Amino acid sequence: MTKKEQIINLDAVVIGAGFSGMYMLYRLREAGFSVRAFEAAAGVGGVWYANRYPGARCDSESIIYNYTFSDELLQEWTWTTRFPAQEEILRYLNFAADKLDLRRDIQFNTRVTSAHYNEISKKWDVKLDDGTNITATYFITGVGCLSASNIPNFKGLNSFEGEAYHTGRWPHEKVDFSNKRVGLIGTGSSGVQSIPVIAEEAGYLNVFQRTPAYSTPARNYVYDEEFIRKTKENYEEIKQQIRWSSMGYLHTTVNNRSALDDTPEEREQQYQKIWERGGLGFSQTYSDLMVNEEANETASEFIRAKIDSVVKDPEVAKKLKPSYFYSAKRPVIDTNYYETFNRDNVTLVDVKATPIVEITPKGIKTSEGEYELDVIVFATGYDAMTGPLFKIDIRGKDGVSLKDKWADGTQTRTYLGIANAGFPNMFMITGPESPSVLSNVPVSIEQHVEWIGDCIEYLRENKLDTIEANGEAEEAWSKNCLEIAQSSLLTKVESWYTGANIEDKPRGFPIYTGGVGNYRKICDEVTAKGYEGFTLT
Ligand code: N01
């Protein structure tokens, strides 16, 4: 029989073998379901398999950037530094895959091309790019929120005769920058991390910046043995703390008061203290930085003053200083980012003032002139949240595609960011309108996987065929999600959160910002009320 004729029957199909897909596969397999994960890449790791650019490192602290469901994994793995490098995270995920014996149920180098719900069989018909057809009762996406890399549609994009790379699709071999003229477009997290490292090696680096980032120091360091010992002893406590926290981190609001309650001198002292501490906690120096414009300005101004104090050329410093609300775009943490602009081999090109006109065979042309380059690095980000889902032709009842459902120019509509009305037995791990990217993602992933696993077990125990989100529950959830976001400064700045970085993408705010702990409580209540907001048949 050819692969095309072969039909494989499974209880569940999982897409992806990153943090999400790996745990989902394990959770369902342990519960006795037949399940397979399909992964487009050649190995496990998801975004950590793909994001191999120089300087790639996570900005969640290592000890909370791992699975917490298995004591064995927690005790046997030891992180080396405060912020884990891409290579170490990938090693960790390979360790987990081996320990949990996952590979035998993962098919690598395989893309799921379509998943259509069959209303007669009440199953999902799933097609793979190798021609295989699968029918599965449950269809679960673990595709990540930031896995659909985006290169803007620059005129002449393909004419460049040198080497070109996107940070999210980095080659597995080392890219040699030595003595080369490098142009890097984009100053988000990927750009800010890679710029100092590439500058060390390149002959010359031109940084093409459209919007400056607010970056605060990471202050990475090597963990000492005593810290690791205490962490391993206290994992249960750490686990509970991050699960019920606001964003899945250990740091919480430092001062439970408005920034405006302090005098300028007191504020300076507080900001300086958190600046010294490093990491992502700066936005939590005061309780109102993300809701009060005036309070936010005090933090923004502190960072601008730091840029002035580090960057020697006042004209360059001026270009590097952002003017929008701090942390409304994803905040960045760095190692020597601003310092890099003091180097003789680095030039900042302000492409807001002099936009990129086209990519030419020789380099990048702005409205001011042409920059001749050997290498272009696109640190230009992702079609976030919906992008990875839209790469697959997903159709629910009446043949309606997910793309069509969300294409009406308003907010994406989901129930809890896990399920969709019209798409029975489909679950999204860290889907749109869940805490996902505004949380320490593994914490959110574990919560989703466990909720979905429990739900599927409940259906089996109660001999139920399907679960589907109700339209009204979905409307209410989406509305709630948007309203919470709109009560903060997050929706007041254009960013990849709002969809503004992708041409013609409907604007919204597809992230639940009410807090990881609150969200967990809501999901638990839905379960406790017999899956309130869902129809079970
Ligand atoms: O992407 P981004 P990223 N012309 O979208 C610019 C996570 N992450 O890959 O702001 C010129 O943030 C764009 O400019 P503007 C993290 O959640 C985490 O850096 O649109 N420039 C921006 O400067 C992060 O937020 C980690 O004006 C153009 C840049 O490209 C998310 O992934 C590490 C342009 C894109 O920045 C995405 O980060 C890496 C154009 N036409 C990523 N189009 C860690 O954990 C876009 N740009 C550390």
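Structure's up top.
Reading guide: rules and limits
Residues numbered from 1 in each chain as written. Predicted model: local features only at pLDDT ≥ 70, side-chain atom pairs only at ≥ 80, totals over all residues. Heavy atoms only, no water. Near = heavy atom within 4 Å. Polar contact = N/O pair within 3.5 Å; in protein donor to acceptor, adjacent residues only side chain to side chain. Areas by Shrake-Rupley, 256 points an atom, 1.4 Å probe, with all protein chains shown as cover. Nonpolar A, V, L, I, M, F, W, Y, C, P; charged D, E, K, R; others polar. Core = buried A, V, L, I, M, F, W, Y, C linked by side-chain atoms within 4.5 Å. Buried < 20%, exposed > 50% of the residue type's maximum accessible area, 1.4 Å probe, protein only. Helix = DSSP H or I, 4+ residues; strand = E, 2+ residues; numbered from the N terminus. Contact = heavy atoms within 4.5 Å. Salt bridge = Lys/Arg side-chain N within 4 Å of Asp/Glu carboxyl O. Pairing = 2+ DSSP bridges. Axes fitted to C-alpha atoms, helices over the stretch in contact; angles between N-to-C directions. Expected span 1.5 Å × (residues − 1).

### Overview of the site of the ligand
Inspection of the region around the ligand gives 23 residues, with Arg57, Ser190, Arg210, Thr211 and Lys329 positioned closest. Separating an oxygen atom of the ligand from a side-chain N or O atom of Thr211 is a distance of 2.4 Å. Side-chain polar atom of Arg330 to an oxygen atom of the ligand: 3.3 Å apart, as the coordinates give it. Here the ligand loses 88% of its free accessible area of 910 Å² to cover by the protein chains. A breakdown of the residues in the shell around the ligand according to their chemical character gives 9 nonpolar, 9 polar and 5 charged.

### Looking at the nonpolar core
Membership of the largest hydrophobic core comes to 73 residues, with the highest contact counts inside it found for Ile140, Leu416, Phe427, Trp451 and Phe534. Looking at this core, the element that brings in the most residues is helix H14 (residues 441–461), giving 8 residues. Ranked by size, the runner-up nonpolar core spans 48 residues in total, among them Tyr214, Leu320, Val332 and Ala379.

### Focus: the side chain of Gln270
Assignment of secondary structure puts Gln270 in helix H8 (residues 264–277). Not counting residues within four places of it along the chain, the set of residues in contact with Gln270 comprises Asn255, Arg257, Asp262, Thr285 and Tyr286.

### Let's talk about the environment of Val13
With respect to the secondary-structure elements, Val13 resides in strand S1 (residues 7–15). A C-alpha to C-alpha distance of 9.7 Å links Val13 and Val112, two positions 99 residues apart in sequence. Ignoring sequence-local partners within four residues, the contact set of Val13 consists of Arg36, Phe38, Val126, Ile134, Ala136, Tyr138, Phe139 and Ile140.

### Observations concerning the pattern of salt bridges
Summed over all chains, the structure comprises 38 salt bridges. Between Arg36 and Asp105 there is a salt bridge; the shortest N-O distance is 4.0 Å. In this pair, Arg36 sits in strand S2 (residues 35–38) while Asp105 sits in the loop between helix H4 (86–99) and strand S3 (106–107), placing the two residues 69 residues apart along the sequence. We classify Asp105 as buried; its relative accessible area is 13%. The residue Arg343 makes a salt bridge to Glu200 at a minimum N-O spacing of 3.8 Å. Placement of the pair is Arg343 in the loop between helix H11 (337–340) and strand S12 (346–350) and Glu200 in helix H5 (residues 189–201), with a sequence separation of 143 residues.

### Section: the sheet that holds strand S13 (residues 356–359)
Backbone hydrogen bonds are what pair the strands of a sheet, in a parallel or an antiparallel way. One open sheet accounts for 3 strands, arranged S13-S14-S15; its pairing is antiparallel. Of all the strands in the sheet, the pair left with one neighbour each is S13 and strand S15 (370–372). Along the sheet, successive strands turn relative to each other by an average axial angle of 20 degrees, direction set aside. For S13 and strand S14 (residues 363–366), the ladder comprises 3 bridges, and the chain directions are antiparallel. When the bridges of S14 are listed, Glu358 appears paired with Lys365.

### Thoughts on H4
Along its 14 residues, H4 runs 20 Å from first to last C-alpha, staying within 8% of the 20 Å computed at 1.5 Å per residue. Regarding H4, the residues found buried are Gln86, Glu88, Ile89, Leu90, Tyr92, Leu93, Phe95, Ala96 and Ala97. Buried residues belonging to H4 abut helix H1 (19–30), helix H2 (47–50) and helix H3 (71–76). Remark: Asp101 follows H4 within two positions and exhibits a positive phi of approximately 55 degrees.

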